[in-house]
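If you want the building blocks of each chain, they are given just below.
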Amino acid sequence: VDLLPVKNRRYEAPDAAGRHFPKFLHRDVEMFAAGSDQTMFYLLRGYSIALGALTVLLTYAIAGMIRSEIWFQLLAAALVATLPQFLFISASINNDNLVTLASTATIYAALRFWRRPSMRGAIVMGLTLGIALLTKKSALFLIPAVGVIVAALWVRCEPDRPAVARSGLIAIGIAALLGAPVFIRNQIVYGDPLGTAMERETLPELVDEKSLWSPYWLETFLPRLAESFVGVFGWMNVWLPPAVYLVYLALSLFALMGLVRWASASSSIDRWVVGFLFMSAVLCFAGVVYYNLTYTQYQGRFLFPAIAPIATLVALGLWQWRTAAGGRVQKLLVPGLAIVLIAIDVVSLVVQWQFHYRAGQYLA
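Residues numbered from 1 in each chain as written. Predicted model: local features only at pLDDT ≥ 70, side-chain atom pairs only at ≥ 80, totals over all residues. Heavy atoms only, no water.

Asks: Go over the overall build of the chain, please, and point to the residues and values.
Replies: A count of helical and extended segments in the chain gives 13 helices and two strands. Against the compact-globule benchmark of 21 Å for 364 residues, the chain has a radius of gyration of 22 Å, which places it among compact chains. Dimensions of the chain, computed from the C-alpha atoms along their principal axes, are close to 75 × 65 × 50 Å. Burial statistics for the chain: of 364 residues in total, 41% are counted as buried. (Helix = DSSP H or I, 4+ residues; strand = E, 2+ residues; numbered from the N terminus. Rg over C-alpha atoms; globule rule 2.2 N^0.38 Å. Buried < 20%, exposed > 50% of the residue type's maximum accessible area, 1.4 Å probe, protein only.)

Asks: Give me the lowdown on the side chain of Thr 82, citing residues and values where you can.
Replies: Relative to the assigned elements, Thr 82 resides in the loop between helix 2 (70–81) and helix 3 (84–90). Within the local environment of Thr 82, its side chain forms a polar contact with the backbone oxygen of Ala 78, the two atoms lying 2.6 Å apart. Those residues within four positions of Thr 82 in sequence are excluded, and the remaining contacts are Leu 87, Tyr 248, Leu 341, Ile 342 and Asp 345. (Polar contact = N/O pair within 3.5 Å; in protein donor to acceptor, adjacent residues only side chain to side chain. Contact = heavy atoms within 4.5 Å.)

Asks: Could you give an account of the nonpolar core, with specific residues and numbers?
Replies: Generally speaking, a soluble globular protein has its nonpolar side chains buried in company with each other. Counting residues in hydrophobic clusters, the biggest one holds 84 residues, and the most contacted among them are Ile 66, Leu 75, Leu 111 and Met 125. Beyond its immediate chain neighbours, meaning those up to four positions away, Ile 66 contacts Phe 72, Ile 269, Val 273, Val 274, Leu 277, Thr 312 and Leu 316. (Core = buried A, V, L, I, M, F, W, Y, C linked by side-chain atoms within 4.5 Å.)

Asks: Please give an account of the side chain of Gln 352 that cites residues and values.
Replies: Among the structural elements, Gln 352 can be located in helix 13 (residues 328–357). Ignoring anything within four residues of it in the chain, the contact list for Gln 352 reads Phe 88 and Phe 233.

Asks: Describe the packing of aromatic side chains, listing the residues and the values that go with them.
Replies: Scanning all chains against the criterion turns up 15 aromatic pairs. Seen from their ring centres, Phe 41 and Tyr 42 are 5.1 Å apart, and the 90° between their planes marks the pair as edge-to-face. Note on Tyr 216 and Trp 217: the rings are 5.0 Å apart at their centroids and 70° apart in plane angle, and the pair reads as edge-to-face. Across this residue pair, the class does not change: Tyr 216 and Trp 217 are buried. Put simply, the rings of Tyr 216, Trp 217, Phe 221 and Phe 285 touch in pairs and so form one group of aromatic residues. The ring of Trp 114 has Arg 156 sitting right over it, with the charged end atom 4.1 Å from the ring centre. One cation-aromatic arrangement involves Arg 161 over Trp 154; the distance from NZ or CZ to the ring centre is 4.4 Å. (Phe/Tyr/Trp six-rings, centres within 6.5 Å; stacked < 30°, edge-to-face > 60°. Lys NZ or Arg CZ within 6 Å of the ring centre and 35° of its normal.)

Asks: So, the environment of Leu 349: which residues are in play, and what are the values?
Replies: Relative to the assigned elements, Leu 349 resides in helix 13. Given a relative accessible area of 60%, Leu 349 falls into the exposed group. As for Leu 349 and Ile 143, which are separated by 206 residues in sequence, their C-alpha atoms are 37 Å apart.

Asks: Would you mind going over the packing of helix 1 (residues 35–64) against helix 12 (residues 307–319) in detail, with residue names and values included?
Replies: Here helix 1 crosses helix 12 at 50°, and the two axes come no closer than 9 Å. Between helix 1 and helix 12, the angle falls in the class oblique. In the crossing of helix 1 with helix 12, the sense of the turn from one axis to the other is right-handed. In this structure, helix 1 contributes Thr 55, Thr 59, Ile 62 and Ala 63 to the contact, and helix 12 contributes Ile 307, Ala 308, Ala 311 and Thr 312. When its residues are assigned to classes, the contact of helix 1 with helix 12 shows five nonpolar, three polar and no charged. (Axes fitted to C-alpha atoms, helices over the stretch in contact; angles between N-to-C directions. Parallel < 35°, antiparallel > 145°, perpendicular 65-115°, else oblique. Left-handed = near helix turned anticlockwise from the far one by under 90°. Nonpolar A, V, L, I, M, F, W, Y, C, P; charged D, E, K, R; others polar.)

Asks: Describe the pattern of salt bridges, with residues and values.
Replies: Counting across every chain of the model gives eight salt bridges. With a closest N to O distance of 3.0 Å, Arg 67 and Glu 69 form a salt bridge. We note a salt bridge from Lys 137 to Glu 199, for which the minimum N-O separation is 3.2 Å. Of this pair, Lys 137 sits in the loop between helix 5 (119–135) and helix 6 (142–156) while Glu 199 is found in helix 8 (residues 196–202), placing the two residues 62 residues apart along the sequence. Glu 199 sits in the partly exposed class, given a relative accessible area of 21%. A cluster of three or more residues bridged by salt bridges with shared partners is formed by Asp 96, Lys 136 and Arg 301. (Salt bridge = Lys/Arg side-chain N within 4 Å of Asp/Glu carboxyl O.)

Asks: Pulling in residues and values, what's your account of the layout of surface pockets?
Replies: Size it by volume and the second largest pocket reaches roughly 1,200 Å³. The wall of the second largest pocket is formed by 34 residues, among which Phe 229, Tyr 248, Ser 252, Ile 310 and Val 314 lie closest to the centre. Of all the secondary-structure elements, those providing two or more residues to the lining of the second largest pocket are helix 2, helix 9 (216–231), helix 10 (242–263), helix 11 (271–292) and helix 12. A total of twelve residues in the lining of the second largest pocket trace back to one element, the largest contributor, which is helix 10. Split into classes, the residues belonging to the lining of the second largest pocket amount to 31 nonpolar, two polar and one charged. (1 Å grid on protein atoms, 1.4 Å probe; cavity = no way out; pocket = protein on both sides within 12 Å on 5 of 7 lines; lining within 4 Å. Points joined across faces, edges and corners; volume = space filled by probe spheres on them.)

Asks: How would you summarise a nonpolar patch on the surface if you had to cite specific residues and measurements?
Replies: Together, Leu 246, Leu 249, Leu 253, Phe 254 and Met 257 make up a nonpolar patch on the protein surface, roughly 490 Å² of accessible area in all. Secondary-structure assignment places Leu 249 in helix 10. Under the relative-accessibility criterion, Leu 249 is labelled partly exposed at 46%. (Patch = residues over 30% accessible without salt bridge, like charges linked within 9 Å, V, L, I, M, F, W, Y side chains within 5 Å. Areas by Shrake-Rupley, 256 points an atom, 1.4 Å probe, with all protein chains shown as cover.)

Asks: Tell me about helix 5, and name the residues and values.
Replies: With 17 residues, helix 5 should reach 24 Å at 1.5 Å per residue; the first-to-last C-alpha distance of 25 Å fits that figure. For helix 5, the set of buried residues is Gly 121, Ala 122, Met 125, Gly 126, Thr 128, Leu 129, Gly 130, Ala 132, Leu 133 and Thr 135. Structurally, helix 5 contributes buried residues whose contacts are with helix 4 (96–115), helix 6 and helix 7 (161–190). (Expected span 1.5 Å × (residues − 1).)

Asks: I'd like to hear about helix 9, residue by residue, with values.
Replies: Within helix 9, the full set of buried residues consists of Tyr 216, Trp 217, Phe 221, Leu 225, Glu 227, Ser 228, Phe 229, Val 230 and Gly 231. Buried-residue contacts for helix 9 involve helix 3, strand 1 (232–233), strand 2 (238–239), helix 10, helix 11 and helix 12.

That is the geometry; function is a separate question.
Put into structure tokens, the structure is as follows:
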């Protein structure tokens with residue numbers, strides 16, 4: 001594959017208007033040396049889509065550990081499957097799709113281990129955690145998350161504590177055997193297990209150190225991260241219509257109010273499961289904040305390793321409103337929301353097509 005695409009002159013325009021054009025030209029550029037290269041390229045994209053589809057299925061399964069109603073599980077899965085940025089990333093070739101799937105699988109395995117601790121469950125949890133750590137540093141948040149699950153289970157299962165301890169050590173050992181080699185290699189080659197110093201030296205132009213008290217967090221980081229989580233494309237230059245972000249903001253606020261409503265009511269739901277999902281999302285977010293102390297990278301895809309917990313918590317919050325208006329909302333909640341979210345996906349496709357179609361004007 002020819003990875004030296006032609007620069008778009010319109011993008012390099014001296015005024016800010018140039019940013020409204022694609023950075024590279026994609027029309028009339030032959031990228032593939034042979035037909036077989038093109039076939040393999042699109043097979044890799046198909047593989048990425050399969051990873052995204054598996055993430056959606058695991059989100060459905062994770063939601064089932066909170067509520068057994070099929071419509072609730074479909075709601076959580078639909079929130080992932082229709083998210084514009086998730087669709088965009090899932091259809092491209094990158095390492096985000098694998099770390100998202102491996103992280104989601106680790107969270108699912110940890111919840112299964114919490115419900116039914118067994119040596120087999122520990123082995124699966126260790127394997128998925130090891131694969132996630134091998135894939136991308138953004139999976140590091142899983143280490144404390146899995147540690148909390150094992151520790152809480154050890155406290156809860158007083159008669160079986162030795163068995164829980166053995167299982168936990170097996171899971172940690174498997175994850176270490178899979179993940180440790182790359183960290184050891186980093187230490188040997190770069191003098192740093194995470195390669196952080198190497199990143200700073202090779203990309204010094206991206207280093208932008210800031211403190212936790214900087215106005216950056218409230219003025220730029222949070223709003224831009226939220227927008228990018230929903231969908232910002234074209235090298236962070238292509239936004240969706242403002243109404244799209246308002247829809248997701250409204251859903252988030254309704255979900256938050258619903259979660260408060262759920263927390264204040266008696267419920268048969270395992271609060272430890274909800275707490276673990278919340279902790280996983282917070283730890284992943286904390287990792288993104290830590291990364292932004294050194295770089296200005298408010299890309300929503302960095303939260304995708306925790307997309308299943310986020311979607312499940314949002315679904316749980318929205319689900320609390322299903323009995324409103326005399327029960328009519330219960331029948332319309334999932335189908336109605338699905339129609340709205342799919343319509344947003346159509347808008348997203350149109351916006352991106354219009355943006356890249358402008359590449360044809362680069363010599364005008």
